[in-house]
Amino acid sequence: VTLIAFLVGVILAFMGAVQLQQFGAAIYVADLVGIGMVREMGAMMTAIIMSGRTGAAFAAKLGTMKVTQEIDAFTTMGISPLEFLVLPRVLALVLMMPLLCLFADLVGILGGLFVGVTMLNLSAGAYMRETIATLTLVNLFGGLAKATFYGVLIAISGCLRGFQCGSSSSAVGDAATQAVVMSIVLVVAACGIFAVVFNVLGI
């Protein structure tokens, strides 16, 4: 998450700098990176990383349990697999995604700061003051709400594909692959829906 968020911040800043320098408005790179990371890219890139790491891990773990009939054993003992295996995983991602998103936002802004200081000859203080001035709590909490929802989608995708896993060992790898693809598609679709809803609400 650290590496990806930093690089995304650098890319946003570099793209903005090329255009804004033509108008003598280099300081507004801070606005571009700050709003872009906090509203969209921080949550999105964190979700994609967690899809590849955690979503696949959930599917592989549950798929292995399905192959070795551990899930059947839970059912036989009267323990609900949903409550014992799925709910903790969903809660874990719901709690961790906003924290990871905040971290990604900060690292992305530092990536923009790096470009601002090295390429645009801006002072670090001026860059950070412009970033703080342009960010609002609505932007921040909007991004965190997206990250939380993405966490739910990733956890459910991983667990669903794990439970749908076949009975062979090769099916575990297939389930992990399907979980990653499904969660990334759902995250991107949800991002588009959020964009429309936020636009309608005027946020």
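Above: the structure in question.
It should be emphasised that the depicted structure is a prediction, and the values quoted were computed from it without experimental measurement. (Residues numbered from 1 in each chain as written. Predicted model: local features only at pLDDT ≥ 70, side-chain atom pairs only at ≥ 80, totals over all residues. Heavy atoms only, no water.)

J.: How would you explain the packing of helix α2 (residues 29-67) against helix α5 (residues 124-134) if you had to name every residue and give the values?
T.: The geometry of α2 relative to α5 is characterised by a closest axis approach of 8 Å and an angle of 50° between their N-to-C directions. Put simply, α2 runs oblique to α5. When the axes of α2 and α5 are compared, the crossing they make is right-handed. Within the contact between the two elements, α2 uses Val29, Ala30, Asp31, Val33, Gly34 and Ile35 and α5 uses Tyr127, Glu130, Thr131 and Thr134. (Axes fitted to C-alpha atoms, helices over the stretch in contact; angles between N-to-C directions. Helix = DSSP H or I, 4+ residues; strand = E, 2+ residues; numbered from the N terminus. Parallel < 35°, antiparallel > 145°, perpendicular 65-115°, else oblique. Left-handed = near helix turned anticlockwise from the far one by under 90°. Contact = heavy atoms within 4.5 Å.)

J.: I'd like a rundown of the packing of α2 against helix α6 (residues 137-163), residues and numbers included.
T.: Helix packing geometry: the angle between the two helix axes and the distance between the axes. Between α2 and α6, the least distance of the axes is 7 Å, while the angle of their chain directions is 20°. Relative to α6, the element α2 is oriented roughly parallel. Judged by the sense of rotation from one axis to the other, the crossing of α2 with α6 is right-handed.

J.: With reference to specific residues and values, describe helix α7 (residues 169-201).
T.: Because each turn of an α-helix spans 3.6 residues, side chains separated by three or four positions in sequence point in the same direction. Over its 33 residues, α7 runs 48 Å from end to end, which matches the ideal 48 Å to within 8%, given 1.5 Å per residue. Taken together, the buried positions of α7 are occupied by Ala171, Val172, Ala175, Ala176, Ala179, Ser183, Val187, Ala190, Cys191, Phe194 and Phe198. Of the surrounding elements, those touching the buried residues of α7 are α2 and α6. With its phi angle positive at about 75°, Gly202 sits one or two positions after the end of α7. (Expected span 1.5 Å × (residues − 1). Buried < 20%, exposed > 50% of the residue type's maximum accessible area, 1.4 Å probe, protein only.)

J.: Please set out the state of the cysteines residue by residue, giving values where relevant.
T.: Counted under the stated rule, the structure contains zero disulfides. Summary of cysteine pairing: Cys101 is not part of a disulfide, and the nearest cysteine sulfur, belonging to Cys191, is at 11 Å. There is no disulfide at Cys159, and the cysteine sulfur nearest it, in Cys165, is 13 Å away. Exposure remark for Cys159: the relative accessible area of 3% places this residue in the buried category. (Disulfide = S-S within 2.5 Å.)

J.: Help me get a handle on the pattern of salt bridges, residues and values and all.
T.: Between side chains of opposite charge, a pair can form as their charged atoms come close. If you walk through the whole model with that rule in mind, you get one salt bridge. A salt bridge links Lys146 to Glu40; the nearest nitrogen and oxygen atoms lie 2.7 Å apart. With Lys146 in helix α6 and Glu40 in helix α2, this residue pair connects regions lying 106 residues apart in the sequence. On the basis of relative accessibility, which here comes to 1%, the residue Lys146 falls in the buried class. Glu40 sits in the partly exposed class, given a relative accessible area of 23%. (Salt bridge = Lys/Arg side-chain N within 4 Å of Asp/Glu carboxyl O.)

J.: An account of unusual backbone geometry is needed here, citing residue identities and associated values.
T.: Its identity as a non-glycine residue notwithstanding, Gln69 has a phi of 65°, on the positive side. With respect to the secondary-structure elements, Gln69 resides in the loop between α2 and α3 (70-76). For Gln69, a relative accessible area of 54% gives the class exposed. Despite not being glycine, Asn121 has its phi angle at roughly 60°, a positive value. Assignment of secondary structure puts Asn121 in the loop between α4 (81-118) and α5.

J.: Any details on the side chain of Ser51? Residues and values, ideally.
T.: Here Ser51 lies in helix α2. Overall, Ser51 belongs to the buried group, its relative accessible area being 0%. In this view, Ser51 contacts Ala56, Ile154, Val180, Ser183 and Ile184; residues no more than four positions away in its chain are not counted.

J.: Explain the nonpolar core residue by residue, including any values.
T.: Ranked by size, the top nonpolar core spans 27 residues in total, and within it Leu93, Met97 and Tyr150 carry the most contacts. What Met97 contacts, discounting residues up to four positions off in sequence, is Ala43, Thr46, Ala47, Met50, Ala147, Tyr150 and Gly151. Membership of the second largest hydrophobic core comes to 19 residues, among which are Leu12, Ala13, Ala17 and Val115. (Core = buried A, V, L, I, M, F, W, Y, C linked by side-chain atoms within 4.5 Å.)

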